[in-house]
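Structural overview
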Amino acid sequence: MKEKVVIVTGSTRGIGYEIGLSFLKQGAFVVFNGRKPLNDEWYATLAPYHTQMMYVEGAVQEAEDAKRIVEETIATYGRVDILINNAGITRDGLLMRMDSTDFTEVINVNLVGTFQMTQAVTKTMLKQRSGAIINIASVVGLIGNAGQTNYAASKAGVVGFTKSVARELASRGITCNAIAPGFIESDMTAILSEKVKEQALKQIPLGCFGQAEDVARAALFIAKQSYMTGQVLNVDGGMVMNG
């Protein structure tokens, strides 16, 4: 990964941050992204890597922002080798009580954002005749989950999108794969009640929750593969077993 140019969306914290950090440690140039300006404290956490990184603010679901993120990356580093579509939100609620705005916002960020960023980066990857696109999906997009119809729909869409993009771009040496994390400890899961967490643990054969680093290692693994495309890699402690 040394001197590869990597864009990681939604990477100011959690899984996205750990993915970005893991690529920095491998010697890559990493473009971090988020929707808000960052403070000095955030930059200080990555002080050893300041010469390898930059931050570009932008909402990935907005076409102009997505294009600008890619354009600023190319202006600085000259190319884009890897795109990791990680930006995502939740607006949980039971179907009967879910506001249509909550449904639409989740679809826009999680699915439309993935589309906008992928489309924005495709032109440069086609010229390079190389590139890797890694989309962060979810096991919820594979098996569903009560109270998350919007999130499940968005992540199921990411899976279908991944497979279609893989078929479209394979002839130009561009791979597209997805990672489907299970129950990963993060800011989003920290707010869940102990009862919900206990119920989740019962569904995980390994008997423990995953860490953001587990997903980051999976992203690194996929990024290094040249003969793997259109696949969904579950990082879930065995929660979903296809076979």
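These numbers were taken from a predicted model, which means no experiment stands behind them.

1. Description of the side chain of Q116
Structurally, the position occupied by Q116 is in helix α4 (residues 100-128). According to the relative accessible area criterion, Q116 is buried, its value standing at 13%. Apart from residues lying up to four places away in sequence, Q116 is in contact with V60, Q61, A63 and A66.

2. Overview of the pattern of salt bridges
All told, the structure shown has seven salt bridges when counted by the stated rule. The salt bridge partner of R68 is D65, with a shortest N-O separation of 3.4 Å. Residue R68 and its partner D65 are located together in helix α3 (residues 63-77), separated by three residues, close to a single helical turn. According to the relative accessible area criterion, R68 is partly exposed, its value standing at 27%. For D81, the salt bridge identified is with R79, shortest N-O distance 2.7 Å. One continuous salt-bridge network, built from bridges that share partners, spans D65, R68 and E72.

3. Some words on the nonpolar core
Ranked by size, the top nonpolar core spans 34 residues in total, and within it I19, F23, F32, L46, I82, I84 and I179 carry the most contacts. Sorting elements by how many residues they give to this core places helix α9 (residues 212-223) first, with eight residues. Counting residues in hydrophobic clusters, the runner-up holds 24 residues, among them V5, V31, A66 and I69.

4. Regarding the pairing of strand β6 (residues 174-181)
The buried fraction of β6 is high, at eight of eight residues. Burial along β6 is two-sided: I174, C176, A178 and A180 facing one way and T175, N177, I179 and P181 facing the other are all buried. Where strand β5 (residues 131-136) lies against β6, six bridges are found, and the strand directions are parallel. Paired with I133 across the bridge in β6 is C176. Two strands pair when backbone bridges link them, and β6 and strand β7 (residues 232-235) are joined in this way by four bridges, in the parallel orientation. When the sheet's bridge partners are listed, A180 is paired in β7 with N234.

5. Some points on the UniProt feature "binding site: NADP(+)" (unreviewed entry) in the protein chain
Taking the numbering used here, the UniProt-annotated feature "binding site: NADP(+)" (unreviewed entry) corresponds to G10, S11, T12, R13, N86, Y151, A152, A153, S154, K155 and I184. Their sequence span is 175 residues, while the largest C-alpha to C-alpha distance among them is 24.5 Å; these annotated residues do not converge on one region. Looking at the secondary structure, you find G10 in the loop between β1 (5-8) and α1 (14-25). The class of G10 is partly exposed, set by a relative accessible area of 24%. Ignoring anything within four residues of it in the chain, the contact list for G10 reads G16, N33, N86 and A87. With respect to the helices and strands, N86 occurs in the loop between β4 (82-85) and α4. With a relative accessible area of 11%, N86 lands in the buried category.

The rules we used
- In this numbering scheme, every chain counts its residues from 1 along its sequence in written order.
- Confidence filtering applies because this is a predicted model: local features only for residues at pLDDT of at least 70, side-chain atom pairs given and counted only at 80 or more, and all residues used for totals across whole chains, interfaces and linings.
- Think of the side-chain values as coming from all heavy atoms in the structure, minus any hydrogens and water.
- Counting from the N terminus, the helices are the DSSP runs of H or I reaching at least four residues and the strands are the DSSP runs of E reaching at least two.
- Note on exposure labels: buried denotes an accessible area under 20% of the residue type's maximum, exposed denotes more than 50%, and partly exposed covers the range between, all computed with a 1.4 Å probe on protein chains only.
- Residues are treated as being in contact if the distance between any of their heavy atoms lies within 4.5 Å.
- One side-chain nitrogen of Lys or Arg within 4 Å of one carboxyl oxygen of Asp or Glu is enough to make a salt bridge.
- Side-chain atoms within 4.5 Å are what join buried Ala, Val, Leu, Ile, Met, Phe, Trp, Tyr and Cys residues into a set we call a nonpolar core.
- In short, DSSP must find at least two bridges between two strands for them to pair.
- UniProt positions are given in the numbering used here, feature names are shortened, and annotations may be inferred rather than shown by experiment.

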